[in-house]
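Residue-level structure breakdown
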Amino acid sequence: MDKLVIKSPAFEANQKIPKKYTCEGDGINPPLTIEGIPNQTKSLALIFDDPDAVNGVFNHWIMWNIPASTAKIEENSASGIEGVNSGHRKGYYPPCPPSGSHRYIFKIYALNQTINLPESTKKPALQKAIHDHILAEGELVGIYR
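So, here is what we can say about the structure in this document.

1. Regarding the state of the cysteines
Here the structure, examined in full by the defined rule, presents 1 disulfide. Each sulfur of the disulfide joining Cys23 and Cys96 lies 2.1 Å from the other. Disulfide Cys23 to Cys96: torsion about the S-S bond roughly 75 degrees, handedness right-handed. Placement of the pair is Cys23 in the loop between strand 3 (15-16) and strand 4 (32-35) and Cys96 in the loop between strand 8 (81-82) and strand 9 (102-111), with a sequence separation of 73 residues.

So, in structure tokens, the structure goes:
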């Protein structure tokens, strides 16, 4: 499987996510750049999780049908259809660990098709829908607190 490169001009991999993008700041999504998208890609999907959450993985953001031509997801914006996160809200849920430092993982997927799902979709349904259609993937880890 091919590798995608996902980065943020706001923070380096495995480094602290700036407060602006958390519940202690503006609570908006950081800018993200995507490189290495295969030519046969029809769409991209994004899953943003906290694997260190007390009650298991907390999903902060899912998005799909991001155009294959997308090289950057701008700060405080969505480039595709946003689903429902673990906070039962549509869109980006900012990092807000109750205690200690948590890892936050942005995963990007290049897909060989667009995905037909309602905006009420949650992470398990998105994962199931994209499972057999992934051409390439990549991840970016940020730390908060």
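So, next bit.
2. Some points on the sheet that holds strand 2 (residues 5-7)
Across the sheet, 3 strands lie side by side as 2-4-7; this open sheet has antiparallel pairing. Every other strand in the sheet has two partners, leaving strand 2 and strand 7 (72-73) as the edge strands with one partner each. Of the strand pairs in this sheet, strand 4 and strand 7 are connected by 2 bridges, and their pairing is antiparallel. From the neighbouring strand, Leu32 faces strand 7, where its bridge partner is Ile73.

3. Notes on unusual backbone geometry
Phi is positive for Asn76, close to 55 degrees, though the residue is something other than glycine. Note on placement: Asn76 falls in the loop between strand 7 and strand 8. Under the relative-accessibility criterion, Asn76 is labelled exposed at 53%. Phi is positive for His88, which is not a glycine, with a value near 65 degrees. By secondary structure assignment, the location of His88 is in the loop between strand 8 and strand 9. Classification of His88 as exposed rests on a relative accessible area of 64%.

4. Some thoughts on the packing of aromatic side chains
Under the definition given, this model contains 6 aromatic pairs. Taking the centre distance of 3.9 Å and the plane angle of 10 degrees together, the rings of Phe48 and Phe106 count as stacked. Taken together, the residues span a long stretch of sequence, with Phe48 in strand 5 (residues 43-50) and Phe106 in strand 9 at a distance of 58 residues. Across the pair, exposure class does not vary: Phe48 and Phe106 are buried alike. Taken together, Phe11, Phe48, Trp61, Tyr92, Tyr104 and Phe106 form an aromatic cluster joined through their ring pairs.

5. A few points about the pairing of strand 10 (residues 134-144)
Of the pairings in the sheet, the one linking strand 1 (residues 2-3) to strand 10 comprises 2 bridges and is parallel in character. Bridge pairing in strand 10 links Asp2 to Ala136. Note that strand 3 and strand 10 share 2 bridges and pair parallel. Residue Gln15 lies in a different strand from strand 10, and its bridge partner there is Gly142. Alignment of strand 9 against strand 10, held across 10 bridges, turns out to be antiparallel. Looking at strand 10, one finds that Tyr104 is bridged to Gly142.

What counts and how
- Residues numbered from 1 in each chain as written.
- Predicted model: local features only at pLDDT ≥ 70, side-chain atom pairs only at ≥ 80, totals over all residues.
- Heavy atoms only, no water.
- Disulfide = S-S within 2.5 Å.
- Helix = DSSP H or I, 4+ residues; strand = E, 2+ residues; numbered from the N terminus.
- Pairing = 2+ DSSP bridges.
- Buried < 20%, exposed > 50% of the residue type's maximum accessible area, 1.4 Å probe, protein only.
- Phe/Tyr/Trp six-rings, centres within 6.5 Å; stacked < 30°, edge-to-face > 60°.

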